[in-house]
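Inside the fold
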Amino acid sequence: MLTLTRLTEEGSVFIPDEYRRALSLTLDSPLVLLQVGDVLLLAPVDEELASVSSRLEARMNDAGIKVEDLIAEANAAREEITDREFGQKGEQ
């Protein structure tokens, strides 16, 4: 589904009925905004996932681990597995 919507002067964005129904959104449903480069993502908040994410973030902070560290380790592990399984380096 692709729909064009506009930002109002008050900063509101209209979410069409078909999206609200598909995602079970109701009045006051919590939504999260995430900027990735020049893209703005809008997604429903999953309270259970948010709770797990908060606990994970706290443990990572306590251990001095940053998201960038996890990404770097995941990339290194992927390359190692790809090299072992297929005899070539994985693509970034």
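Here we summarise the structure given alongside this text. Quantities reported herein were computed from a predicted structural model and do not represent experimental measurements.

On to the overall build of the protein. For the protein, the count of helices and strands is 3 helices and 2 strands. Put simply, the protein runs from its N terminus to its C terminus through helices and strands in the order α-β-β-α-α. Its C-alpha atoms give the protein a radius of gyration of 19 Å, more than 25% over the compact-globule value 12 Å for 92 residues. Principal-axis analysis of the C-alpha atoms gives the protein an extent of 50 × 35 × 25 Å.

Helix length check: helix 3 (residues 67-86) (20 residues) gives 28 Å between terminal C-alpha atoms against 28 Å at 1.5 Å per residue, within 8%. Trailing helix 3 by a residue or two, Gly 87 shows a phi angle of about 70°, which is positive.

Let us now look at the pattern of salt bridges. If you walk through the whole model with that rule in mind, you get 3 salt bridges. Here Asp 17 makes a salt bridge to Arg 20, at a shortest N to O gap of 2.0 Å. Taken together, the positions of Asp 17 and Arg 20, both in helix 1 (residues 17-22) and 3 residues apart, correspond to about one turn of that helix. Given a relative accessible area of 39%, Asp 17 falls into the partly exposed group. Residue Arg 84 is joined to Glu 80 by a salt bridge in which the shortest nitrogen-to-oxygen separation is 3.9 Å.

Here we come to the environment of Leu 41. Mapped onto the elements of the fold, Leu 41 is located in strand 2 (residues 39-44). A relative accessible area of 42% places Leu 41 in the partly exposed class.

A few words now on the pairing of strand 1 (residues 31-36). Relative to strand 2, strand 1 runs antiparallel, the two sharing 6 bridges. Following the sheet pairing, Leu 31 is matched in strand 2 by Pro 44. Between strand 1 and strand 2, which pair antiparallel in sequence order, lie 2 residues; one of them, Gly 37, sits at a positive phi of approximately 65°.

The next subject is a nonpolar patch on the surface. Taken together, the side chains of Leu 31, Leu 33, Leu 40 and Leu 42 define a hydrophobic patch exposed on the protein surface, amounting to about 390 Å² of accessible area. For Leu 33, the location among the structural elements is in strand 1. The exposure class assigned to Leu 33 is exposed, which follows from its relative accessible area of 56%.

Procedures and definitions
- Residues numbered from 1 in each chain as written.
- Predicted model: local features only at pLDDT ≥ 70, side-chain atom pairs only at ≥ 80, totals over all residues.
- Heavy atoms only, no water.
- Helix = DSSP H or I, 4+ residues; strand = E, 2+ residues; numbered from the N terminus.
- Rg over C-alpha atoms; globule rule 2.2 N^0.38 Å.
- Expected span 1.5 Å × (residues − 1).
- Salt bridge = Lys/Arg side-chain N within 4 Å of Asp/Glu carboxyl O.
- Buried < 20%, exposed > 50% of the residue type's maximum accessible area, 1.4 Å probe, protein only.
- Pairing = 2+ DSSP bridges.
- Patch = residues over 30% accessible without salt bridge, like charges linked within 9 Å, V, L, I, M, F, W, Y side chains within 5 Å.
- Areas by Shrake-Rupley, 256 points an atom, 1.4 Å probe, with all protein chains shown as cover.

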